[in-house]
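# Notes for the structure review
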Amino acid sequence: MSGQVRLILTLHNHQPVGNFDGVFEAAFQDSYAPFLNVLQDFPDLPVVLHFSGSLLDWLAKNHPEYVARVREYVQRGQIEILGGPYYEPILSAIPRRDRIGQIQFYKQHLEELLGAEVRGMWVPERVWEQSFAGDIVEAGIEYTLLDDTHFRNAGLNEDELNGYFLTEESGRLLKVFAGSERLRYLIPYADPQDVIGHCRQVAERYQNAVLIFGDDGEKLGAWPGSNDHVYRDGWLRRFFTALRENKHWLHVTTLAETVDRVSPLGKVYLPDASYREMTEWALPTEKQTDYRNLVASNQQRHDWHAMRQFVRAGFWRNFLVKYPEANEMYARMIQISQKLDQAVIADSVGTGPQLLAEARRELYRGQCNCPYWHGAFGGLYLPHLRNAIYGSLISADSLLERAAGRRGRWVDGQVSDFNLDARKEICLSGDRLVAFLTPGKGGHLYELDVRQIRTNLLATLNRRPEPYHDRIRQHAGQAVSDVGGGVDPNGGVRFKQPDLDRKLQYDPWPRKSLVDHFLQPGLSHDQFIDGHGEIGDFVEGVYLSRIRRSSEQVEATMVREGRLGPYQVKISKTVLLEAQQGGTLEIHYALENLPAGLPFHFGVEFNFAAMAAGAHDRYYYDGEGHNLGTLESVHSTSATSRMGLVDEWLGLDVSLDVSKPTGFWTQPIQTVSQSESGYELVHQSCSVMPHWEFIAPADGRWTVKIVLSLDTSAAQARELAERSMSRLAASAY
């Protein structure tokens, strides 16, 4: 094929588990459907498509006619379907057994649903480690594609990447294509003739060249502003027309056809990498800024093009270090995966195969990559995505408990390194709640799962510096615009709320629960909100712990002797879960060795996530049941024995009852982050803190009991009503 080029157009269509139904529908209307509408007028142009399983499941349910159209295109050979792990996990973030399982599961599903021969796969976010090669082959996949960045990192030059290579792991051979970063930036932003011109330059320089475009399908219609450009203004139709007009030398084809007709360029072993931007986002915030400054300061060097491939940024797994909340989610997922694996081994006689299959599906859903990291879009910062992951993991956990024979009211207590920090944590579990405590870091309650509503009320997120915060400060005072992306074509930024620069605040401690504060006597709520007044070393100090279990109750006691100004004082806190009171945690505090006669100010901070703000059906209430306002409101109450939070949509009522009446401080924890549509304020959790000011008694001992109650009766009633209606509808049918 001298003077000719093969061009492979590969689109990756994805919506994460837990995304809003309206987002799925908008992407369908703006991108997926119109792309197929244009493609039908060019039956001689083949494309390669990948749908994540979460998206394909939604399409099959909501637009089966679209799935039928895709199947028709597959049958006539115009669309090659790529497989991959079913629910789009980062391969390095899940155990090997789940990598292979997800890929095999999705391959089988695609072949049954679409009648496709699935030979290749999409690697989520192109995050690569060489050991994946063997797992991919074992799962039945023959080839994949990555970015040319991966190959340049291996020492190859750009002019060596016009094709595919062989790689292997433990003797298992995999074919790997090198996707073009240049094409990613040309399509769909450059004029179609510029794309053709780039392909022509390659044809003139290389024989039998293969060019691969591989990128998000959403950029063709669903990204802000792209629908008008790609469809209304006719970019895609003009591009396809240009391809057709140049078909005598520009051969649009598929990965499968290329593998069958073109020899590999050679063998290569690829270093750990992902696409270039992802490696930058994985760096710590300050190092990310340093890296970008380094690149910017060297771009004018005459030899920069040669040097660039040796300048590398970060490693995806370090997102789990950069964001401890991502690590908590990851560690919980690993725990469920191990629990499932053990259950499968124990179920060798096959007593619970259906429950285990359901648990596996939920585990796989809980491995969807999007909320485990943060880059140009929301990801980790979007609470509904984190909540969806925890929802699936909690569901999987409950299914595994049923498969293990748990019935009725029960409690249990376990001690292990649950969050992978080389310290032991405590898990108090029952048929209604699962509570994780971390004695090694403040004795915090860091996860609280409510099984009935599949919700982790401590899926919180701290406010922390991000590189784009400097950009927000630089553009302080800019008018609000809810149109366009985070950065507009004129170099400005898009703000979704006013005065975001004034909302930039960072948390000095984890926003979890049972966070113990010794504060300056007389400290005001406003001063505390601003981060002032802490005088003890208990917030993140190490607590010694013990656990006691019986069939009726399980309790964990955590004790710390620490500094309070010039004094050495002691805190003991006991958390009790009873089988018959399974929706309640009873918490006992004892403060000892307090200097008699001195004033003290002590607070216990709770945070509640997953309860949205800004809606009239999500609100605070006081001890008399009075509605105090929506969950983003700030309160400093007078002395009372109760503070509650209601989320009518979840069907959840959370209350804190204290044995010593006191004032409660509440405040919203809101992050400033970037998303597809601009910079925005996102509600992450409600901080609620009972705080007591008192004079230390003569014996230096002060105690209080706090009862945390989680009432899901409204959710249960709604679920029963929905089941009843479903049965009635089924019988009527």
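Let us look at the structure shown here. Small disclaimer: the values here were computed from a predicted structure and weren't measured. (Residues numbered from 1 in each chain as written. Predicted model: local features only at pLDDT ≥ 70, side-chain atom pairs only at ≥ 80, totals over all residues. Heavy atoms only, no water.)

### Focus: the overall build of the protein chain
Applied cut-off: Strands are runs of DSSP state E lasting at least 2 residues, helices are runs of H or I lasting at least 4, and numbering of each runs from the N terminus. Throughout, radius of gyration means the C-alpha value; the globule benchmark is 2.2 Å times the number of residues raised to the power 0.38. Note on exposure labels: buried denotes an accessible area under 20% of the residue type's maximum, exposed denotes more than 50%, and partly exposed covers the range between, all computed with a 1.4 Å probe on protein chains only. The criterion used for residue contact is that any of the two residues' heavy atoms lie within 4.5 Å. Exposure was quantified through the Shrake-Rupley algorithm and a 1.4 Å probe, taking into account, for residues, occlusion by the shown protein chains and nothing else. Charged residues are defined here as Lys and Arg on the positive side and Asp and Glu on the negative side; His and the ends of the chain fall outside this count. Here the site of a charge means NZ on Lys, CZ on Arg, CG on Asp, or CD on Glu.
What the protein chain contains, in helices and strands, is 21 helices and 27 strands. For 733 residues, the compact-globule estimate of 2.2 N^0.38 gives 27 Å, and the C-alpha radius of gyration of the protein chain, at 28 Å, lies within 12% of that figure. Each principal axis of the C-alpha distribution contributes one length, and for the protein chain these read about 95 × 65 × 50 Å. Among the 733 residues that make up the protein chain, the fraction classed as buried is 59%. In the protein chain, the proportion of contacts linking residues at least 24 apart, taken out of those at least 6 apart, comes to 71%. Accessible surface for the protein chain amounts to roughly 29,400 Å². Of this, 49% is attributable to carbon and sulfur atoms. Taking the average place of the 75 positive charges on the side chains of the protein chain and the average place of its 94 negative ones, the gap between the two points comes to 2 Å.

### Regarding the environment of Gly83
For Gly83, the location among the structural elements is in the loop between strand 3 (79–82) and helix 4 (96–114). Between the alpha carbons of Gly83 and Arg261 there is a distance of 21 Å; along the sequence they are 178 residues apart.

### A word on the pairing of strand 6 (residues 164–169)
Which entries qualify depends on this criterion: Here a strand pair is declared whenever DSSP counts at least two bridges between the two strands.
With six bridges joining them, strand 6 and strand 7 (residues 172–179) adopt antiparallel strand pairing. Following the sheet pairing, Thr167 is matched in strand 7 by Leu174. The turn joining strand 6 and strand 7, which pair antiparallel and follow one another in sequence, is formed by two residues; a positive phi near 55° is taken by Ser170.

### What about the environment of Tyr506?
Note the threshold: Here a polar contact is taken to be a pair of N or O atoms separated by no more than 3.5 Å, where protein atoms must pair a possible hydrogen donor with a possible acceptor and residues adjacent in sequence count only if both atoms sit in side chains.
Take Tyr506: it is sitting in the loop between helix 19 (468–474) and strand 15 (515–518). Judged by its relative accessible area of 28%, Tyr506 is partly exposed. Counting along the chain gives 25 residues from Tyr506 to Gly531, while the straight-line C-alpha distance between them is 8.9 Å. Beyond its immediate stretch of four places on either side in the chain, Tyr506 contacts Arg463, Arg464, Pro465, His469 and Arg473. Of note is the side chain of Tyr506, whose polar atom sits 2.9 Å from the side chain of His469.

### Remarks on the side chain of Ser673
In this structure, Ser673 sits in strand 25 (residues 652–675). Excluding its chain neighbours within four sequence positions, the residues that come into contact with Ser673 are Tyr381, Tyr468, Gly678, Tyr679, Glu680 and Val682.

### Considering the side chain of Thr671
You can see Thr671 is positioned in strand 25. Polar side-chain contacts of Thr671 include one of 2.9 Å to the side chain of Gln684. The residues touching Thr671, leaving out its near neighbours within four places in the chain, are Tyr381, Leu461, Asn462, Arg463, Glu680, Leu681, Val682 and Gln684.

### Notes on empty space enclosed by the protein
Just so we agree on the cut-off: Buriedness for pockets is judged along seven lines, at least five of which must meet protein on both sides within 12 Å for an open set on the 1 Å grid over protein atoms alone, while cavities are sets there where a 1.4 Å probe fits but cannot get out, and lining residues have an atom within 4 Å of a point. Grid points are joined across faces, edges and corners, and a volume is the space filled by probe spheres set on the points.
Here the structure, examined in full by the defined rule, presents seven cavities of 30 Å³ or more. Taken as a whole, the largest cavity spans an internal volume of roughly 70 Å³. Lining the largest cavity, in full, are Leu9, Leu11, Phe35, Val47, Ile187, Phe213, Leu220, Trp235, Leu236, Phe239 and Phe240. Of all the elements in the fold, those that place two or more residues in the lining of the largest cavity are strand 1 (5–13) and helix 10 (235–245). Looking at the lining of the largest cavity element by element, the count peaks at four residues for helix 10.

### Description of the sheet that holds strand 10 (residues 411–416)
The strand order 10-11-12-13-14 describes an open sheet built from five strands, whose pairing is antiparallel. Edge positions in the open sheet fall to strand 10 and strand 14 (455–456), since each of these has one partner strand only.

### Overview of helix 17 (residues 353–365)
Our working rule: Multiplying 1.5 Å by the residue count of a helix minus one yields the expected span of that helix.
Given a rise of 1.5 Å per residue, 13 residues ought to cover 18 Å, and the 18 Å separating the end C-alpha atoms of helix 17 matches this to within 8%. Those residues of helix 17 that fall on the buried side of the exposure criterion are Leu355, Leu356, Ala359, Glu362, Leu363 and Tyr364. Those residues of helix 17 hidden inside the fold are in contact with helix 4, helix 16 (324–346) and helix 18 (383–403).

### Things to note about helix 1 (residues 21–39)
The line we're drawing: Here the bend at a residue is taken as the angle between two axes, fitted respectively to the seven residues that end there and the seven that start there.
Along its 19 residues, helix 1 runs 26 Å from first to last C-alpha, staying within 8% of the 27 Å computed at 1.5 Å per residue. Maximum bend of helix 1: about 45°, positioned at Phe28. Taken residue by residue, helix 1 has Phe24, Ala27, Phe28, Ser31, Tyr32, Ala33, Pro34, Phe35, Leu36, Val38 and Leu39 as its buried positions.

### Concerning the layout of surface pockets
Heads up, the condition is: Residues are sorted three ways: Asp, Glu, Lys and Arg are charged, Ala, Val, Leu, Ile, Met, Phe, Trp, Tyr, Cys and Pro are nonpolar, and all the rest, Gly among them, are polar.
Estimated volume of the second largest pocket: approximately 920 Å³. Asp148, Arg152, Glu158, Glu181 and His305 are the residues nearest the centre of the second largest pocket, which is lined by 40 residues in total. Classifying every residue of the lining of the second largest pocket by side-chain character gives 16 nonpolar, 13 polar and eleven charged.

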